[in-house]
Amino acid sequence: MTDGTGGLDGRSGPVSMAPLDFPAEVPWWRYAVIYEVYPRSFADGNGDGEGDLLGLRNQLPYLAELGIDGIWIAPWYPSPMADGGYDVSDFRNIHPLFGTLDDAAAVIREAHQLGLRVIIDLVPNHTSDQHPWFQAALKAAAGSPERSLYFFRDGKGENGDEPPNNWISCFGGSGWTRIVEADGRPGQWYLHSFAEEQPDLDWTSPAVLEGFDEILRFWFDRGVDGIRVDAAPALGKAEGLPDADYGGDLRFMTLDWVDNPHWDVDEVHDVFRRWRSLADTYDGDRVFVAEAIVSSAERLSNYLRPDEMHSAFNFPYMKASWDAAALREVIDATLDQFHPIGVPATWVMASHDEVRLVTRYGRKTTSSAHFSDGQGEASNLALGTRRARAAALLTLALPGGAYIYQGEELGLPQVEDLPDEAIQDPVFKRTNGEIRGRDGCRVPLPWSGTHPPYGFSPDGVTPWLPQPESWTSLTVDAEAADPESMLSLHRSALRLRHQIPGLRSDEFSWRNSADGVLDFDRGPTLRCIVNISGEPIPLDASARVLLSSAPVEQSALPADAAAWLAAD
Ligand code: GLC
């Protein structure tokens with residue numbers, strides 16, 4: 001098979017590592033492609049089976065060569081790892097597993113030298129239960145200033161042994177846990193929207209607001225270009241903490257929640273306005289990207305007002321099924337909402353929370369409304385891979401920015417057979433093993449060689465999550481040597497993204513097309529066609545294919561394939 005590369009020198013090979021070449025007046029992040037690094041699973045520099053910052057530094061040239069514009073580093077802070085690092089015990093330090101603050105400075109410096117921007121992950125809705133703030137709150141009395149940083153409340157019922165309200169945890173079960181007071185008696189309850197090791201902060205507390213101002217300054221002073229804001233809509237809670245109406249579905253389905261008292265409450269925006277004015281005191285173009293899974297493009301656009309955040313992941317796009325009408329609907333809704341307010345869309349298909357795309361797209365259920373969707377369904381990985389290749393060309397052709405989760409550029413499948421004892425995701429425990437959770441997309445990357453640990457760690461060292469024996473053809477080395485690989489396709493697409501001006505503009509228009517086909521122009525020179533019709537479709541005999549996800553033979557684009565054409 002060929003990746004159909006032709007025309008504009010689309011083959012992979014060494015690329016220029018010059019800084020971004022956007023015109024000065026276009027902010028760097030507007031059309032940037034950002035690569036998500038999950039540091040524990042990216043590369044192990046010190047040989048202990050865990051990814052770390054030395055490993056990341058060693059592989060920065062790989063990322064520059066891939067052709068991305070920046071990296072987002074998932075939490076790198078000290079953490080007991082009750083939720084893969086999203087339980088932070090010190091927001092101004094680096095997890096000893098990953099390195100030191102000096103290593104972080106080196107990552108930022110060396111990334112910048114390669115022309116890559118650096119976005120870090122901030123987790124403001126909650127701390128770890130080991131954070132000094134929470135430890136002090138546990139030791140202090142009910143009603144104390146220490147407890148006012150969190151949501152401590154008395155329980156309901158005669159003995160206070162029922163939770164203060166009916167709010168649920170994203171990971172299953174109640175959102176409340178009861179503590180044992182210093183005198184040994186059962187005491188107050190605290191709120192945790194996620195695992196019980198992740199107590200929610202009360203963002204009406206001045207100490208929380210001021211504490212996070214310092215955290216933001218700490219990292220902006222160290223030169224980070226942006227901050228990804230974890231679970232942004234969780235920061236506001238309706239006054240009085242009234243019961244929620246979940247309509248009988250006790251899953252954390254925030255895309256469906258309207259007027260929920262602990263998600264996307266309007267007061268949340270006061271926090272982001274405060275942060276924006278802080279960020280704007282810095283030179284350079286420091287950006288916020290919201291993780292905000294909310295009920296509509298309109299609600300999402302509230303986070304993107306000129307005095308709030310700069311961009312936000314497009315979750316409805318990520319979660320849509322592999323279906324032309326569904327994708328077109330979400331693309332239209334996004335552009336209709338964002339274009340008038342001048343905000344770029346941010347297209348994303350995968351992350352450390354989602355089932356790997358080649359697995360998801362090879363299943364019967366290709367949407368992913370909830371992280372348990374499709375679990376247990378067989379996946380046709382060859383089909384999933386064809387679709388994921390086409391989806392990569394679609395995503396990278398849409399107007400705005402894009403995110404690529406580590407390993408998606410290799411087409412890694414979800415590891416679905418991790419032994420129970422290896423699973424660390426709190427979802428697994430909180431649902432009594434019913435939902436296996438997200439570890440299957442967090443298995444350490446294969447870099448080289450023919451057997452685990454595939455160059456992730458030195459031979460003989462077992463990585464923190466076991467890698468499959470079947471990844472020999474999916475290593476970076478193997479794929480770099482194969483012009484038809486997923487990696488080569490990504491390298492070619494990312495290079496073209498820098499070469500074709502239309503791809504760094506907002507120009508976008510649909511062409512008339514048959515059912516099941518997405519067909520659009522990006523400026524005068526690029527046309528993208530995605531065939532989800534189930535049948536091959538004819539292309540004009542004169543069409544010049546710049547890049548395609550599957551071979552274009554006899555002027556036909558196969559099913560589940562996409563092509564970038566020189567527009568006529
Ligand atoms: C976000 C993160 C996820 C984490 C959760 C709680 O959704 O992406 O990994 O578990 O927030 O912090």
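This structure is a prediction, so every number in the text was calculated from the model and none was measured.

(A) Representation of the pattern of salt bridges within the structure. Here the structure, examined in full by the defined rule, presents 37 salt bridges. For Arg 436, the salt bridge is made with Asp 420, and the minimal N-O distance between the two is 2.9 Å. Taken together, the residues Arg 436 in the loop between helix H11 (426-430) and helix H12 (476-480) and Asp 420 in the loop between strand E11 (401-405) and H11 connect sequence positions 16 residues apart. Judged by relative accessible area, which is 28%, Arg 436 ranks as partly exposed. Connected via shared salt-bridge partners are Asp 83, Asp 353, Asp 425, Arg 438 and Arg 442.

(B) Main features of the pairing of strand E8 (residues 287-290). Neither face of E8 is left uncovered, since the one carrying Val 287 and Val 289 and the one carrying Phe 288 and Ala 290 both have all their residues buried. Inspection of the sheet shows strand E7 (residues 226-229) paired to E8 by four bridges, in the parallel sense. When the sheet's bridge partners are listed, Arg 228 is paired in E8 with Val 289. In this view, the connection linking E7 to its parallel neighbour E8 by way of helix H5 (residues 268-279) has right-handed handedness.

(C) Region of the structure containing the packing of aromatic side chains. Within the structure shown, the criterion is met by 36 aromatic pairs. Relative to Trp 447, the ring of Phe 42 lies with its centre 5.2 Å away and its plane at 90°, an arrangement referred to as edge-to-face. Separated by 405 residues along the polypeptide, Phe 42 in the loop between strand E1 (33-37) and helix H1 (53-66) and Trp 447 in the loop between H11 and H12 bring together distant segments of the chain. Relative to Trp 263, the ring of Phe 252 lies with its centre 5.5 Å away and its plane at 85°, an arrangement referred to as edge-to-face. Here Phe 252, found in the loop between E7 and H5, pairs with Trp 263, found in the loop between E7 and H5; they are 11 residues apart in sequence, far enough to count as distant. In terms of burial, Phe 252 and Trp 263 fall into one category: buried. Sitting above the plane of the Phe 152 ring, Arg 147 keeps its charged end 4.7 Å from the centroid. Over the face of the ring belonging to Phe 218 we find Arg 222, whose NZ or CZ atom lies 3.7 Å from the ring centre.

(D) Local environment of the packing of helix H10 (residues 381-397) against helix H13 (residues 486-499). Viewed as axis vectors pointing N to C, H10 and H13 meet at an angle of 10°, and their least axial separation amounts to 10 Å. The angle between H10 and H13 places the two elements in the roughly parallel class. In this structure, H10 contributes Thr 385, Ala 388, Arg 389, Ala 392, Leu 393, Thr 395 and Leu 396 to the contact, and H13 contributes Met 486, Leu 489, His 490, Ala 493, Leu 494 and Arg 497. Classifying every residue of the contact of H10 with H13 by side-chain character gives eight nonpolar, three polar and two charged.

(E) Structural view of the nonpolar core. Membership of the largest hydrophobic core comes to 172 residues, with the highest contact counts inside it found for Tyr 35, Leu 63, Trp 76 and Trp 564. Tallying contributions element by element places helix H4 (residues 206-221) first for this core, with eight residues. Core analysis: the next-biggest nonpolar cluster, separate from the first, contains 10 residues, Val 517, Ile 529, Ile 537 and Ala 550 among them.

Parameters at a glance
- Residues take numbers from 1 onward in each chain, read along the sequence in its written order.
- Note on the predicted model: pLDDT of at least 70 is required for a residue's local features to be given, and 80 or more for side-chain atom pairs to be given and counted; whole-chain, interface and lining totals, by contrast, use all residues.
- Heavy atoms throughout the structure, all of them, feed into the side-chain values; hydrogens and water do not.
- The salt bridge definition used is simple: a Lys or Arg side-chain nitrogen within 4 Å of an Asp or Glu carboxyl oxygen.
- Secondary structure elements are taken from DSSP: a helix is a run of H or I of four residues or more, a strand is a run of E of two residues or more, and numbering for both begins at the N terminus.
- Relative accessibility decides the category of a residue: with a 1.4 Å probe and only protein chains considered, values under 20% of the type maximum give buried, values over 50% give exposed, and everything between is partly exposed.
- Strands pair, by our definition, only if DSSP identifies at least two bridges between them.
- Looking down the strands as they point away from you, a crossover is right-handed if its path from the first strand over the helix to the second goes clockwise.
- Classification of ring pairs uses Phe, Tyr and Trp, with its six-membered ring standing for Trp, and accepts pairs whose centres are within 6.5 Å; under 30 degrees between planes counts as stacked, over 60 as edge-to-face, and the remaining range as tilted.
- We call a charge positioned above a ring when the Lys NZ or Arg CZ atom is no farther than 6 Å from the ring centre and deviates by at most 35 degrees from the ring normal.
- Lines fitted to C-alpha atoms define the axes here, with helix axes fitted over just the stretch in contact, and angles between the N-to-C directions of these axes take values from 0 to 180 degrees.
- For classification, angles of less than 35 degrees are called roughly parallel, those exceeding 145 degrees roughly antiparallel, those between 65 and 115 degrees roughly perpendicular, and all remaining angles oblique.
- Note on contacts: a residue pair is in contact if any heavy atoms of the two residues lie within 4.5 Å.
- Throughout this entry, Asp, Glu, Lys and Arg are counted as charged residues, while Ala, Val, Leu, Ile, Met, Phe, Trp, Tyr, Cys and Pro are counted as nonpolar. The remaining residues, Gly among them, count as polar.
- Residue types Ala, Val, Leu, Ile, Met, Phe, Trp, Tyr and Cys, when buried and joined through side-chain atoms within 4.5 Å, form a set referred to as a nonpolar core.

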